[in-house]
Number of protein chains: 2
Amino acid sequence: MRVDRLFTDVRLATMAPHRPGLGAIEDGALATRDGRIAWVGPRAEAPAFTARETIRGEGRWLTPGLIDCHTHLVWAGDRAAEFERRLEGATYEEIAREGGGILSTVRATRAASRAELVRAALPRLDALLADGITTVEVKSGYGLEPASEYRQLETAAALAAERPVRIEATFLGAHTLPPEFANDRAGYLRLLCETMIPEVARRRLASAVDAFCEQIAFTPEETRAVFEAARAHGLPVKLHADQLSDTGGAALAASFGALSADHLEYTNAEGVAAMARAGTVAVLLPGAFYTLRETQLPPVESFRRAAVPMAVATDCNPGTSPLLSLLLAMNMAATLFRLTVVECLLGVTRHAAKALGLADDRGTLEPGKRADLALWSIERPAELVYTIGGRPLHARWVGA
Amino acid sequence: MRVDRLFTDVRLATMAPHRPGLGAIEDGALATRDGRIAWVGPRAEAPAFTARETIRGEGRWLTPGLIDCHTHLVWAGDRAAEFERRLEGATYEEIAREGGGILSTVRATRAASRAELVRAALPRLDALLADGITTVEVKSGYGLEPASEYRQLETAAALAAERPVRIEATFLGAHTLPPEFANDRAGYLRLLCETMIPEVARRRLASAVDAFCEQIAFTPEETRAVFEAARAHGLPVKLHADQLSDTGGAALAASFGALSADHLEYTNAEGVAAMARAGTVAVLLPGAFYTLRETQLPPVESFRRAAVPMAVATDCNPGTSPLLSLLLAMNMAATLFRLTVVECLLGVTRHAAKALGLADDRGTLEPGKRADLALWSIERPAELVYTIGGRPLHARWVGA
């Protein structure tokens, strides 16, 4: 069998659904051709390969490249000073009066050129990639006006030219109300639904539409309008749902067949059941839970019982989750939310791919899937969840 | 002025006590000679230097190399599987019956050669160093018998030959009762006080003696005996104090003029006052707090009011804090314990040095101090605390 790359002397965590747990193969081999997996299985069962390159793993673990399925990676400005002020006792109101909060990120992001946005995002992207990530979802939502939103999405796409990584851009114009529409919610909704979503779809700037449904953001009715516009333009939806209160967001997302509902600390039983019926992925974001010192836990046991697939992501953003490590997000999901090791690892591979509508394309080591791979210097996959702030990655391939 | 290395075009966080906050100098210079700082100050005030090497920081921040003043870095064996089992619902009793827990680390560490212990510790050390650490304290305490304890301490010292780093070894024979003394506490105390501490002192295997004073470990009376032996042999003491319950550990440590008392979640007002009088540093270990999902916060506001210096460390250990990032320990100290940015940064520099009895030797950028330095790609020091899982280190020098 003629192949491009042959990985041998590796232990495989295939994450494939037809095998239990991690789908482990203790003495495995994997061959790639044209950027996709051509063969994978026990070395003893491998056919004879003719490979351009052979990579001997020396017993290391090979997994699918990790997928961070919820980030706000592209922004300008600096919220570290605000973090410092808050620890010194400043209230949210004082921070806001001083020009801080999300609107300071919006101002700085609007003012930044695409090149400046790329320059600001690259160190963050590099930190993520150093943890074995090969796909990063990136949302807009700090522009909140057409040109700035498009520029944020274009910047996200441009990152893939700077580093070996796949980017999935998501349009989150419905992130918060821009200041110039503070007294005209309906006007911003029209701008979103009649101008921005159609343009994003026409120019293929994003592969999904997201919204923040919350008392401090958009109402369920407003979210519905955004989702209807997305549907009309052929874009799947996702939702920041039930993070700070129970707005019925999970059920709303499910009613639109959303790819995912994200956060979900306050999701109720009806929401869980609706997500199960719709096949909507529950994206858990423990970095925000940790940073906000939230105490309300997402209904993990209900998701388990209802067989709702759970993903885990960094939610990387400057305000509520300045988290640049998906391995650490897994540790937080285990420590704070009590996800098992298998759930954590599925949450950054197979289930994360599903949260992006890419379940058939990546997230497992199976023939036909993209050859996006991570090779780890570990003795067992549990170490990827157990160790906090370690650096276990040996190497990473995007389309090996 | 003839110097070895000149650092220029740098912003300095000197951490020096005669300046407020971080002792920042916006446009600074620093010169080294014979491994120590020869001159530091505003560039505008610098004398003419003749330097063997000039390092231009391009506006980056230069700080003292960070000091991790509480770790258990040297161990053998694997507790990731136990972590996995616990998440799957196994109880501590089941884990213990299966041979897990701290005694599994003791068994594996006893069985390991010095070379095996070095090999196991190096990836952990490398992760720490990648965060800008230049001094690491390493405790014994997984040998619990003379030869194994000495081997752990020798291994710690040997790490300094493998990497550019300074190691401070601490003897923690009083970590837990070894199984062979389960019915003879007095016998183990005699072994500690009459054999091990004298030998550690004679061979200069450690620069301090530590103990774990807790209901599950050693009583205050037993701890006192250990401290008296340490005093008799000229070794300063430290204490794992009041982590899980109020045993009066902080006051006990202070009564022996301890360099530090560590953990301190349950420390009472009397303990805080005694520490203040004795000049004992409060070493906060938020990694263990986080991993154990502890809810009792250490009395930070009391330490502040009493002017007890606070340090922050990883507590890196396989059971309760598998944490390999001191930057992350700072973020946890801020997020979970509400330390300010300045307190966090003092806690891994000046106060961490004091916790090791090295306040005169390192931990600040002042003339005469060791030229242990970290150069950071950041716009403001707060980013070192704010960002979670980032990789901001640009370069690091030990004795520049």
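Residues numbered from 1 in each chain as written. Chains lettered and ligands numbered in written order. Predicted model: local features only at pLDDT ≥ 70, side-chain atom pairs only at ≥ 80, totals over all residues. Heavy atoms only, no water.

What follows is about the pattern of salt bridges. A side chain with one charge may pair with a side chain of the opposite charge, provided their charged atoms come close. The full count for this structure, using the stated rule, is 54 salt bridges over all chains. Of the charged contacts, one joins D126 of chain A and R163 of chain A as a salt bridge, the two residues approaching to 2.6 Å between their closest N and O atoms. Residue D126 of chain A is located in helix α4 (residues 114-129), and its partner R163 of chain A is located in the loop between α5 (146-162) and β8 (166-174); the two are separated by 37 residues in the primary sequence. The salt bridge partner of E301 of chain B is R305 of chain B, with a shortest N-O separation of 4.0 Å. Pair noted here: E301 of chain B and R305 of chain B are both in helix α11 (residues 300-305), with a separation of four residues, about one helical turn. Given the relative accessible area of 41%, E301 of chain B is considered partly exposed. A relative accessible area of 64% means that R305 of chain B is categorised as exposed. Residues joined by salt bridges that share partners form a network here, namely R36, D361, R362 and R370 of chain A. (Salt bridge = Lys/Arg side-chain N within 4 Å of Asp/Glu carboxyl O. Helix = DSSP H or I, 4+ residues; strand = E, 2+ residues; numbered from the N terminus. Buried < 20%, exposed > 50% of the residue type's maximum accessible area, 1.4 Å probe, protein only.)

Before going further, it helps to spend a moment on the relation of the copies chain A and chain B. Mapping chain A onto chain B calls for a screw motion: a turn of 180 degrees about the axis and a shift of 0.0 Å along it, with 0.0 Å RMSD after fitting. Seen this way, the second copy is the image of the first under a two-fold rotation axis. Judged by C-alpha distance, G389 of chain A is the residue of chain A that lies nearest the rotation axis, at 3.4 Å. Of the interface residues in chain A, 100% have counterparts in chain B that sit at the interface too, so the contact is made through matching surfaces. (Least-squares fit on C-alpha atoms with pLDDT ≥ 70 in both. Contact = heavy atoms within 4.5 Å.)

Residues and elements named next belong to chain A. Burial analysis of strand β9 (residues 208-213) places six of its six residues in the buried class, which makes it a mostly covered element. Of the two faces of β9, the one lined by A208, D210 and F212 and the one lined by V209, A211 and C213 are each fully buried. Bridge analysis of β9 against strand β10 (residues 238-241) gives two bridges, and the strand direction is parallel. From the neighbouring strand, F212 faces β10, where its bridge partner is H240. Note that the unit made of β9, helix α7 (residues 220-232) and β10 has a crossover that is right-handed. (Pairing = 2+ DSSP bridges. Right-handed = clockwise from strand over helix to strand, strands pointing away.)

Looking now at unusual backbone geometry. Residues and elements named next belong to chain B. The phi torsion at M15 lies on the positive side, around 60 degrees, for a residue other than glycine. Residue classification places M15 among the buried positions, given a relative accessible area of 2%. Its identity as a non-glycine residue notwithstanding, R204 has a phi of 50 degrees, on the positive side. With respect to the secondary-structure elements, R204 resides in the loop between α6 (185-202) and β9 (208-213).

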